[in-house]
Structures are given as structure tokens and as C-alpha cells.
Amino acid sequence: MKKIQTVLEEVIEISRISMVLYDADGNCVASAANVDAALENSIQEFLRSDVDSQSLGTYHYFKIICSDTLSYVLLVSNYTSDSFTIGRLTVCQLKHLLESQEDSITKSGFIRNLVNGALTPSEISRQIKRLKLSPTTWAAFVVECPEGLTDSYAYHLLDHAFAGHKMDFCCELDETHLLLMKESSNIEKEYKSSTVSAKTKGSRKKKTDETLDAEQLSASLKMFAQTLVDTLRAEALMQTHVGYSTTADSFSELPRIYHEALTALKIRHTFFAERDTIAYDKLGIGRLIEELPIDLCNAFLYEIFGSHLPDDLDEEAQNTIQKFYENNLNISETARQLYLHRNTLVYRLERLEKILGLDIRKFEDAMTFKLSMMVLSHVREHT
């Protein structure tokens, strides 16, 4: 789009003739002066007409058609005798520019520009037709890599091993992130989970087919995301994490699921750093806390801990708390896994109570402390 605007500005400067460029939806995308709002109706009528050019009022109207697709409408002021000829020459120039750009279109470039909002609706339609793409149902996976390694073996491995179907897309987003748009139907076929059964014995409430399908898809996406992590770690020898989205069934929704996967990865970093993969629809309370204002979070932390925040606990204390939560506040099982005598663990928990002002052996205090640490992580991430 920038190149088209540049060419148009140069033509206007040379010819000294006023011109206005509209996209195929009738939106003004380039103009050297203020555009008269009264032109909107005439533009829409011209778009619906069968003619490629016409003169109306103070302007000549031209359609710019590329690859049999209406891409733009050019308006050229007709106050000089040669303005129609200059308009036709400008249309030819812009058409050749569009065709040269389309010759260099790739699937990876298309998906990168699409999710970043760099394409107009007419450009999206034209590039879809050029690449011979058709809508399907996708899920987005954003892969986080060590800085500077996305342009190496990791990208090629991801592209060749996991983007083999025609409607799969893979691209580099920046120095630390890769994007894979994968057909969800193929994921379900290749990573069908045996843990989700339509006939669950002992189930009190019969699940609907729709619920079972959603559970099956969720399980398959989780398995596929973990496969991405395991493959990149084994083959590319890098520590990676994956955030993934819900599904989308149109090109216009691909930016949405891309941002879902990116959001999931961001929230993983803040609240669930121990996880390899994370789903946008499984963020739980992390999604809620992420939306809280920092001032409100600071007020909450002060209410619980006063001026002494528990962010400097030693490794022993942190490991004890983590294991205690992993074992659902079960003292005996936690002591066994930490290779401690039960009384030693009780002593540690009592010492933590004095430091924190909370007895995490009690459910209410344990829940308060867990929430507080997530809120503290949110504050540290945004300050």
C-alpha cells in the first residue's frame, strides 16, 4: 500500500492534477487533499456499474482491475484537456505495480501481513485469489524461541514438519516468535485423544455430541502443542513454549486467533511459567488478574501483606510451598516427596506463617496466598 501511495503522490506532483484513490469497498486510501464526502454515493454507484471508466461531475472515474479482481478506484480531476489520458496512464502504472507485488506473494508473507493488519480488504481478497486459497477451520500456535533463533533451523523445521497441508501457514513474526496456522481437522485426525470417550462409564449426566466434540478438539490441540515443544527441543535443541488459540473458520478471523495465542503466551510468562504450553480458553484466573488495574493490585497486596511483600522467599521456602500446593495441602504426601519428617514440614509451614501472616495449611489462607502471588507477578510484569 505504501508503494501505491508513493507512486500516486509522484504522479500528482508531476502532472499537478488532483487525484483520489479508493479501495474496492469505497474507502478513501490515498489523496493529496481533503475529499468531498458527497463523492461517496457516486463511488458506490461506479463500483456497482459494469463500466471500467466514466466521467462524472468534476472527476474522471477509473477502475483498477488486477488478476480479474477489482482492486481500486481512481478519481482524476478533469479540469485539463489531458487529464483523462493521464488518468489512464496512472491506472496502467498502478496495475503493473500491483501485478509485480503479487508475483512476490508467498503464503508466509500473506499470513504475516494479514495478522498484523497490514492488508486492506481488497488486498486480502486479491492475495487469497492469487494464492488459490479457500477458507477452512484453523487454530493458531505462537512459538516462543530464544532470541535470534527464529530465522534458523527452528523455522524450517516448523514449516516442513508441521505445515505440510495446503491451508497451513507458517511464518516468522519477530526475533523470538514463530506463528503456525494449522487446519484443526488435520490436528484432530493426527492427534486424536483416546482419553475422551463418547461412552463414559459411570457418568451421571450424558454428554451431548457437541460437548464431546469440543473436548476432543481441546485434547487434540493440547497434544499437538506439546508435540511442537518436544520436537523443537529435541531437533532444534532450544527451549520453547507454545501459546495456542481457539478456532476460526474465515480469513477475517485469523488476526483474532493470532492475538489469542499471543495473549496466552504472555499470560503463561506471568502466571504459569512452569507450563510448556497454554491454551487461550484455559487461562482461568490468570485472564482475570491480567485485566486488573495496577493501582487496585497494589491496594490488594498492601491489605494482605502490608509493606513487606513476600517476593524474597528463599529457594527452600518456595519449593516447600510449591510441593504443598501440588499435593492439595496434604502434609504427609508433601513430606514424603520432599524426603522430610512430617514434623519438619510442619515446622517449616509454621515458620512461613510467621513470615507471611497466613497459615497456608488452611484452605482460605492457601487460596489467598496463591491469588496474592499471582497478583504480585502481574504487578512485577507491568512495573
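A quick note: this is a predicted structure, and the numbers were derived from the prediction, not measured.

Undergrad: I keep staring at the overall build of the chain and nothing clicks. Help me out?
TA: Across its full length, the chain carries 15 helices and ten strands. The dimensions of the chain, computed from C-alpha atoms along their principal axes, are 100 × 50 × 45 Å. Classification of the 383 residues of the chain by burial places 44% in the buried group. Taking the contacts inside the chain whose residues are at least 6 apart along the sequence as the reference set, 62% of them involve residues at least 24 apart. Here the chain has roughly 21100 Å² of accessible surface; of this, 49% comes from carbon and sulfur atoms. Side-chain charges in the chain split into 41 positive and 56 negative, and the spacing between the mean points of these groups amounts to 7 Å.

Undergrad: So what exactly am I meant to see when it comes to the sheet that holds strand β10 (residues 277-279) here?
TA: In spatial order, the strands read β7-β8-β6-β9-β10; together these five strands make up an open sheet with mixed pairing. The open sheet terminates on both sides in strands that have one partner only, identified here as β7 (169-172) and β10. Averaged over all neighbouring strand pairs, the angle between strand axes comes to 15 degrees, with direction disregarded. In terms of strand pairing, β7 meets strand β8 (residues 177-183) through four bridges, oriented antiparallel. Across the sheet, the residue bridging to Cys170 is Leu180, located in β8. Its contacts with the sheet place helix α9 (residues 254-271) against β6 (138-144), β8, β9 (241-248) and β10, and it is angled at close to 145 degrees to β9.

Undergrad: Would you mind going over a positive patch on the surface with me for this structure?
TA: A surface patch of positive charge is lined by Lys222, Arg275, Lys282 and Lys370. In this structure, Lys370 sits in helix α15 (residues 363-381). Given the relative accessible area of 44%, Lys370 is considered partly exposed.

Undergrad: What is the right way to look at helix α1 (residues 2-15) in this model?
TA: An α-helical turn contains 3.6 residues, so a residue and the one three or four places further along point in the same direction. Counted at 1.5 Å a residue, the expected span for α1 with its 14 residues is 20 Å, and the 20 Å between its end C-alpha atoms agrees. Burial in α1 covers these residues: Ile4, Val7, Leu8, Val11, Ile12 and Ser15. Projected down its long axis, α1 carries its buried residues within an arc of 135 degrees, all on one side. Looking at α1, the residues exposed on the side facing more than 90 degrees away from the buried face are Lys2, Lys3, Glu9, Glu13 and Ile14. Once α1 finishes, Arg16 follows within two positions and takes phi at roughly 60 degrees, a positive value.

Undergrad: How do you make sense of the environment of Cys171 when you look at a structure like this?
TA: Looking at the element boundaries, Cys171 is found in strand β7. Since its relative accessible area comes to 0%, Cys171 is described here as buried. The spatial distance from the C-alpha of Cys171 to the C-alpha of Arg112 is 6.5 Å, given a sequence separation of 59 residues. Ignoring any residue separated from it by four or fewer positions in sequence, one finds Cys171 in contact with Ser108, Ile111, Arg112, Tyr155, Leu178 and Leu179.

Undergrad: So what exactly am I meant to see when it comes to the packing of helix α4 (residues 107-115) against helix α5 (residues 121-131) here?
TA: Put simply, α4 and α5 touch, their axes get as near as 11 Å, and they point 160 degrees apart. The angle between α4 and α5 places the two elements in the roughly antiparallel class. The handedness of the crossing between α4 and α5 comes out as left-handed. For the pair α4 and α5, the contacting residues are Lys107, Phe110 and Leu114 in the first and Ile124, Gln127, Ile128 and Leu131 in the second.

Undergrad: Teacher, can you tell me more about the side chain of Asn327 here?
TA: Relative to the elements of secondary structure, Asn327 occurs in the loop between α12 (315-326) and α13 (331-337). Assessed through its relative accessible area of 12%, Asn327 is described here as buried. For Asn327, the side chain forms a polar contact with the main-chain oxygen of Lys323, separated by 2.9 Å. Aside from chain neighbours lying at most four places away, what touches Asn327 is Glu333, Thr334 and Gln337.

So, how was this worked out
- Residues numbered from 1 in each chain as written.
- Predicted model: local features only at pLDDT ≥ 70, side-chain atom pairs only at ≥ 80, totals over all residues.
- Heavy atoms only, no water.
- Helix = DSSP H or I, 4+ residues; strand = E, 2+ residues; numbered from the N terminus.
- Buried < 20%, exposed > 50% of the residue type's maximum accessible area, 1.4 Å probe, protein only.
- Contact = heavy atoms within 4.5 Å.
- Areas by Shrake-Rupley, 256 points an atom, 1.4 Å probe, with all protein chains shown as cover.
- Lys, Arg positive; Asp, Glu negative; His and termini not counted.
- Charge placed at Lys NZ, Arg CZ, Asp CG, Glu CD.
- Pairing = 2+ DSSP bridges.
- Axes fitted to C-alpha atoms, helices over the stretch in contact; angles between N-to-C directions.
- Patch = residues over 30% accessible without salt bridge, like charges linked within 9 Å, V, L, I, M, F, W, Y side chains within 5 Å.
- Salt bridge = Lys/Arg side-chain N within 4 Å of Asp/Glu carboxyl O.
- Expected span 1.5 Å × (residues − 1).
- Arc of directions from axis to C-beta.
- Parallel < 35°, antiparallel > 145°, perpendicular 65-115°, else oblique.
- Left-handed = near helix turned anticlockwise from the far one by under 90°.
- Polar contact = N/O pair within 3.5 Å; in protein donor to acceptor, adjacent residues only side chain to side chain.

That is the geometry; function is a separate question.
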